Amino acid sequence: TCEFMSRVPSKNESSVRYSWRGSRRLYFNGLLRAFLPAVVPHFLYLIALGELMWEFDPQFVADKCLLATNSSEQITQRPLSPIIRCEALRNYRGIATESAGVIMLASLILCTCVASASFCFRTELICSEPPWKRNHMWVGSLTSSLTLLAIYMRIVLAVGSISALPWYFLVLFFLSPFICLIINEKILKNSDRLIDRRNEMMRRLQFETKLGMWSPKESQHVNIQQTN
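Keep in mind it's a predicted model, so treat the numbers as computed, not measured.

Engineer: Residues and numbers for the overall build of the protein chain, please.
Structural biologist: When helices and strands are counted, the protein chain shows 13 helices and zero strands. The helix and strand sequence of the protein chain, counted from the amino end, reads α-α-α-α-α-α-α-α-α-α-α-α-α. Within the span of the protein chain, comprising 228 residues, buried residues form 34% of the whole. Expressed as a percentage of contacts within the protein chain between residues at least 6 apart in sequence, the contacts between residues at least 24 apart total 82%. About 15300 Å² of surface is accessible on the protein chain, with carbon and sulfur atoms providing 61% of the total.

Take a look at the structure:
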């Protein structure tokens, strides 16, 4: 603390500002940790769309997405790649696309909720600062979000959508949030957290809050009566 206090700039000093270069490391690590939870749901969406198209509209797949030469063999194998590359699905709307969209949204919410545990204390690991012990607001938000998600999927998701998905999809769906959380913790652990903590403390100590903004500055005017 004494080391940080000795480097604090003068109060309301306009020449000292927290530069973008100083916070670049902190922002880069944050974006890197948020990247994976945003990408994984799209990958799961492709798998869910292919499986649900075979379940709810196999005739459309056979007519629009498969090659005429070996369509009977592909119908038996039910591959996903022809559906993913199918141009006819651009304007298609049906139970399969709606259910796949709901599953992707659920995966995005689940990954975001679980990965948010790594963002409660930006420079501290979960093992050292568990958010469920001190951050009761986070626990309440997590519980309410997961409850609303379960109710939403129960109401909107088409009947038979979950049973149509393969076992490996369900494993990826429930394990991917924790995989994202582990990777986020690895990124945070390998980053220079000492510099990040110092930057964060310096940001707070530069009086960029309302107290620093509205505190009166030291007068620079000269007292004419005293000089005379």
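Engineer: Go over the packing of aromatic side chains with me, naming the residues and quoting the values.
Structural biologist: How two aromatic rings sit relative to each other is set out by the distance from centre to centre and by the angle between their planes. Tallied over the entire structure, the rule returns four aromatic pairs. Judged by centre distance (6.4 Å) and plane angle (25°), the ring pair of F169 and F173 falls under stacked. Pair noted here: F169 and F173 are both in helix 10 (residues 167-190), with a separation of four residues, about one helical turn. Each member of the pair F169 and F173 is classed as buried. By the ring-pair criterion, three or more aromatic residues cluster together here, those being F169, F173 and F174.

Engineer: Quick rundown of the side chain of S118? Include the residues and the values.
Structural biologist: Checked against the element boundaries, S118 lands in the loop between helix 6 (95-115) and helix 7 (131-134). Polar contacts involving the side chain of S118 include one to the side chain of E185, which spans 2.8 Å.

Engineer: Talk me through the environment of I182; I want residue IDs and the actual numbers.
Structural biologist: Structurally, I182 can be placed in helix 10. As for I182 and I126, which are separated by 56 residues in sequence, their C-alpha atoms are 10.0 Å apart.

Engineer: Account for helix 8 (residues 136-156), naming residues and giving values.
Structural biologist: In this model, helix 8 (21 residues) spans 30 Å end to end at C-alpha, consistent with the 30 Å of a helix rising 1.5 Å per residue. Of all the residues in helix 8, the buried ones are W138, L149 and M153. Down the axis, helix 8 shows its buried residues gathered within 30° of arc, on one side only. Helix 8 presents H136, M137, L148, R154 and I155 as exposed residues on the side facing more than 90 degrees away from its buried surface. Packing partners of the buried residues in helix 8 comprise helix 6 and helix 7.

Engineer: Just give me the short version of the pattern of salt bridges, but keep the residues and values in it.
Structural biologist: Within this structure, the stated rule accounts for one salt bridge. With a closest N to O distance of 2.6 Å, R90 and E87 form a salt bridge. Neither R90 nor E87 differs from the other in exposure class; each is exposed.

Engineer: Account for helix 10, with residues named and values stated.
Structural biologist: Under the 1.5 Å per step criterion, the end-to-end length of helix 10 is 34 Å for 24 residues, consistent within 8% with the ideal 34 Å. Along helix 10, the helix axis deviates most sharply at L175, where the bend reaches about 40°; the proline P177 sits within four residues downstream. Within helix 10, the full set of buried residues consists of F169, F173, S176, P177, C180, L181, N184, E185, I187 and L188.

The rules behind each value
- Residues numbered from 1 in each chain as written.
- Predicted model: local features only at pLDDT ≥ 70, side-chain atom pairs only at ≥ 80, totals over all residues.
- Heavy atoms only, no water.
- Helix = DSSP H or I, 4+ residues; strand = E, 2+ residues; numbered from the N terminus.
- Buried < 20%, exposed > 50% of the residue type's maximum accessible area, 1.4 Å probe, protein only.
- Contact = heavy atoms within 4.5 Å.
- Areas by Shrake-Rupley, 256 points an atom, 1.4 Å probe, with all protein chains shown as cover.
- Phe/Tyr/Trp six-rings, centres within 6.5 Å; stacked < 30°, edge-to-face > 60°.
- Polar contact = N/O pair within 3.5 Å; in protein donor to acceptor, adjacent residues only side chain to side chain.
- Expected span 1.5 Å × (residues − 1).
- Arc of directions from axis to C-beta.
- Salt bridge = Lys/Arg side-chain N within 4 Å of Asp/Glu carboxyl O.
- Bend = angle between axes of the 7 residues up to and from the residue.

Take it as geometry only, folks, not as evidence of what the structure does.
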